[in-house]
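Geometric and topological summary
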Amino acid sequence: QVQLVESGGGLVQAGGSLRLSCAASGRTFSSLDMGWFRQAPGREREFVASLSWNSKTYYPDSVKGRFTISRDNAKNTVYLQMNSLKPEDTAVYYCAAKWVAVPEYDFWGQGTQVTVSS
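I will try to describe carefully the structure that is included in this document. (Residues numbered from 1 in each chain as written. Predicted model: local features only at pLDDT ≥ 70, side-chain atom pairs only at ≥ 80, totals over all residues. Heavy atoms only, no water.)

This next bit is on the environment of S70. By the element assignment, S70 lies in strand β7 (residues 67–72). Separated by 34 residues in the primary sequence, S70 and W36 have C-alpha atoms spaced 11 Å apart. Setting aside its immediate chain neighbours within four residues, S70 contacts L51, T77, V78 and Y79. (Helix = DSSP H or I, 4+ residues; strand = E, 2+ residues; numbered from the N terminus. Contact = heavy atoms within 4.5 Å.)

Spelled out as structure tokens, the structure:
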């Protein structure tokens, strides 16, 4: 079992930056694929970024060039650096984890609110 705890959300003006953190429990963090998702009110959950155990990253076009996912295996932590934030980035952001070769994310954090004001 993996427990995930996000932090770093808040209120920021458009054009600003935030860095989200997600701390994971357990001693197998380096074997996990990690991801960030978000969900805005009235909308479906949306993929934001992923970082595989072997350092492959993926981003949707909506955040590519503005968001960066990274990890520190020594700290069991994954980060999401968000720059040039837009009001449409406003959402609850969730950290997720899965074991390698498993297609679906099995573990989810409780979410952290990000609000971008115009």
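The next point concerns the side chain of T77. If you trace the backbone, T77 turns up in strand β8 (residues 77–82). Of the polar contacts made by the side chain of T77, one reaches the backbone oxygen of K75; its length is 2.8 Å. Residues in contact with T77, not counting those within four places in the same chain, are S21, C22, A23, F29, S70, R71 and D72. (Polar contact = N/O pair within 3.5 Å; in protein donor to acceptor, adjacent residues only side chain to side chain.)

Among soluble globular proteins, nonpolar side chains are generally buried collectively. Ranked by internal contacts, the top residues of the largest apolar core, which has 30 residues, are L4, M34, W36, L80, M82 and Y93. Those elements that provide at least two residues to this core are β3 (18–24), β4 (32–39), β5 (46–51), β7, β8, β9 (91–99) and β11 (112–117). Setting aside chain neighbours within four positions, we find L80 in contact with L18, R19, L20, W36, V48, A49, F67, T68, I69 and Y93. (Core = buried A, V, L, I, M, F, W, Y, C linked by side-chain atoms within 4.5 Å. Buried < 20%, exposed > 50% of the residue type's maximum accessible area, 1.4 Å probe, protein only.)

Right, let's talk about the packing of aromatic side chains for a bit. If you walk through the whole model with that rule in mind, you get five aromatic pairs. Ring centres 5.0 Å apart and planes at 55° place the aromatic pair F37 and W108 in the tilted group. Here the residue F37 occupies a position in strand β4, and W108 occupies one in strand β10 (residues 107–108), the gap between them amounting to 71 residues. By relative accessible area, which is 11% here, F37 ends up buried. The rings of F37, F47, Y105 and W108 are connected pair by pair, giving a single aromatic cluster. Here the basic side chain of R45 rests over the ring of F37, its NZ or CZ set 5.8 Å away from the ring centre. Positioned above the aromatic ring of W108, the side-chain terminus of R45 is 4.0 Å from the ring centre. (Phe/Tyr/Trp six-rings, centres within 6.5 Å; stacked < 30°, edge-to-face > 60°. Lys NZ or Arg CZ within 6 Å of the ring centre and 35° of its normal.)

Read across the sheet, four strands follow the order β1-β3-β8-β7 without closing on themselves; strand pairing throughout is antiparallel. A single partner strand is all that each edge strand has here, and the edge strands are β1 (4–7) and β7. If you compare each strand with its neighbour and ignore which way they point, the axes differ by 15° on average. Sheet topology note: the β7/β8 ladder contains six bridges and is antiparallel. Its bridge partner lying in β8, F67 is registered against M82. (Pairing = 2+ DSSP bridges. Axes fitted to C-alpha atoms, helices over the stretch in contact; angles between N-to-C directions.)

With that out of the way, let us pick up the pattern of salt bridges. Taken as a whole and judged by the stated rule, the model has five salt bridges. A salt bridge links K98 to D33, with the nearest nitrogen and oxygen atoms 2.9 Å apart. Taken together, the positions of K98 in strand β9 and D33 in strand β4 put the pair 65 residues apart, joining distant regions of the chain. By the burial criterion, K98 is buried, and D33 matches it. A salt bridge links R38 to E46, with the shortest nitrogen-to-oxygen separation between them at 2.8 Å. Using a relative accessible area of 28% as the deciding quantity, one classes E46 as partly exposed. Residues joined in a network through salt bridges with shared partners are R38, E46, R66 and D89. (Salt bridge = Lys/Arg side-chain N within 4 Å of Asp/Glu carboxyl O.)

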